[in-house]
Structures are given as structure tokens and as C-alpha cells.
Amino acid sequence: RVRELKAEMDYEFLMKEINNLLEGIQEGADRSSNIVKGLRSFSRLDDEKFQLYNIHEGIDSTLILLHNKVKNTIKIHKDYGDLPEIECLPSKLNQVFMNILTNCIQAIEDEGDIFIQTVSSDIWVKVIFKDTGAGMSPEVKAHIFEPFYTTKDDGTGLGLAITHRIVQNQGGSISVTSRVGEGTE
């Protein structure tokens, strides 16, 4: 009777479908876990206290939060160097990564690439973000760190102004290289 019931229900197909559903549930649970970890790392409440921070963890947690905006249209290339932890305000630096990566994503219309590289010496750490997006003219580039300057219809013009201030307030500097049609670094 069990064999008859299996044949009647198409048991092999049913088992295959159940396994596919279970794999999908596992994938969703793993993704949810990564988002929660990313949020926890990204939103570190540092009470404006400088503390040691792993830049790679900050970039990775930001990328997890931006995953839905990247989807399958933008390929992320990471070339992480051997960096020491740095003393900074982690939540502020995460905000910098979020603002810059969001701009990279928005600059890419269809498909493209974002390259992230980290390098260091004995006295500095450098994080380089480069996209294959639309790029900017020299006129636009001259104003990108000004508050309320935007080229987007729905933009506030605050992202890069805030980014610039955060980087400077933590003893760093930020520079931009860009050409129309060739992307921005």
C-alpha cells in the first residue's frame, strides 16, 4: 500500500520539491543572519569615542546592507591589503562607507563594477572605491563636497558633504578622480 501511495503522489518529485524548499529556507535564514550581523556591526554605538576598528569589517557590513541595491547587476571586487586596526569613530566611518558605496551604486545605470582596495604603510591607511559608472564633469566634481549640491532629482546633496566632514574630523583626507563615461574613484 505504501508503494502504491508513493507512486500515486509522485514521491520522487515531492521529495525533490521538499529539498528545494528546505534549501531555500536555509538560504533565507543565512541571509537574515548576515543582515543582522551587518546591522549590528554597522550601527556600533560608539558614543563619540575613538576606538580600534577593523576597516574590512566595516566595509563588509556596509556591503551586506546594500546587497539589495547591488543585486546581480553590479559586481563587487575586493582587494583587501593587510591593514592594522585604526583608531577612529567606527559608526561615523561606516556612514562614510555607506555614502560612498551608495553613490557608486547610483552612478552605475545598468551593469557595472565597483572595486574596493585597501592599502597601508606605517603611518597611513588608504581605502579606494572605484566604480564603472557615468563619471562626472570637472564642473560637477568641483561642487560634490558642498552641502545641498546634488545632481539627482531625489538627492539631498548631503551625503558627500557629511562624508567629507567626517573624514576630516577624524584626521583623514578624501579626494576624487573622475571622467565622464569612465567612472569615479
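Below: a short report on this structure. Per chain, residues are indexed from 1 in the order of the written sequence. In view of the model being predicted, local features appear only for residues whose pLDDT reaches at least 70, and side-chain atom pairs are presented and counted only at 80 or more, with totals across whole chains, interfaces and linings using the full set of residues. No hydrogens and no water enter the side-chain calculation; it runs on all heavy atoms of the structure.

**Considerations on the packing of helix 5 (residues 90-107) against helix 7 (residues 159-169)**
A pair of packed helices is captured by two measures, namely the crossing angle of their axes and the spacing between those axes. For the pair helix 5 and helix 7, interaxial distance at closest approach is 9 Å and the crossing angle is 145°. Crossing geometry of helix 5 relative to helix 7 is assigned as left-handed. Contacts from Lys92, Gln95, Val96, Asn99, Ile100 and Asn103 in helix 5 reach Gly159, Leu160, Ile162, Thr163, Ile166 and Val167 in helix 7. For this classification, the nonpolar set comprises Ala, Val, Leu, Ile, Met, Phe, Trp, Tyr, Cys and Pro, the charged set comprises Asp, Glu, Lys and Arg, and every other residue, Gly included, is treated as polar. Per-class residue counts for the contact of helix 5 with helix 7 are six nonpolar, five polar and one charged. Note on definitions: angles span 0 to 180 degrees between N-to-C directions of axes, and those axes are lines fitted to C-alpha atoms, for helices only across the stretch in contact. Under the DSSP-based scheme used, a helix requires at least four consecutive residues in state H or I and a strand at least two consecutive residues in state E, with every element numbered from the N terminus. Crossing handedness is read from the near helix: turned anticlockwise from the far helix by less than a right angle, it gives a left-handed crossing, and turned clockwise, a right-handed one. We call two residues in contact when some of their heavy atoms are within 4.5 Å.

**What to know about the packing of aromatic side chains**
Stacked, tilted and edge-to-face are the three classes applied to pairs of Phe, Tyr and Trp rings, where Trp contributes its six-membered ring and a pair requires centres within 6.5 Å; stacked means planes under 30 degrees apart, edge-to-face means over 60, and tilted covers the rest. Tallied over the full model, the rule gives one aromatic pair. Ring geometry for Phe97 versus Phe129: centroids 5.9 Å apart, planes at 50°, classification tilted. Taken together, the residues span a long stretch of sequence, with Phe97 in helix 5 and Phe129 in strand 5 (residues 125-131) at a distance of 32 residues. A single burial state applies to Phe97 and to Phe129, both of which are buried. Exposure is judged per residue with a 1.4 Å probe applied to protein chains only, and the accessible area is read against the type maximum: over 50% gives exposed, under 20% gives buried, and values in between give partly exposed.

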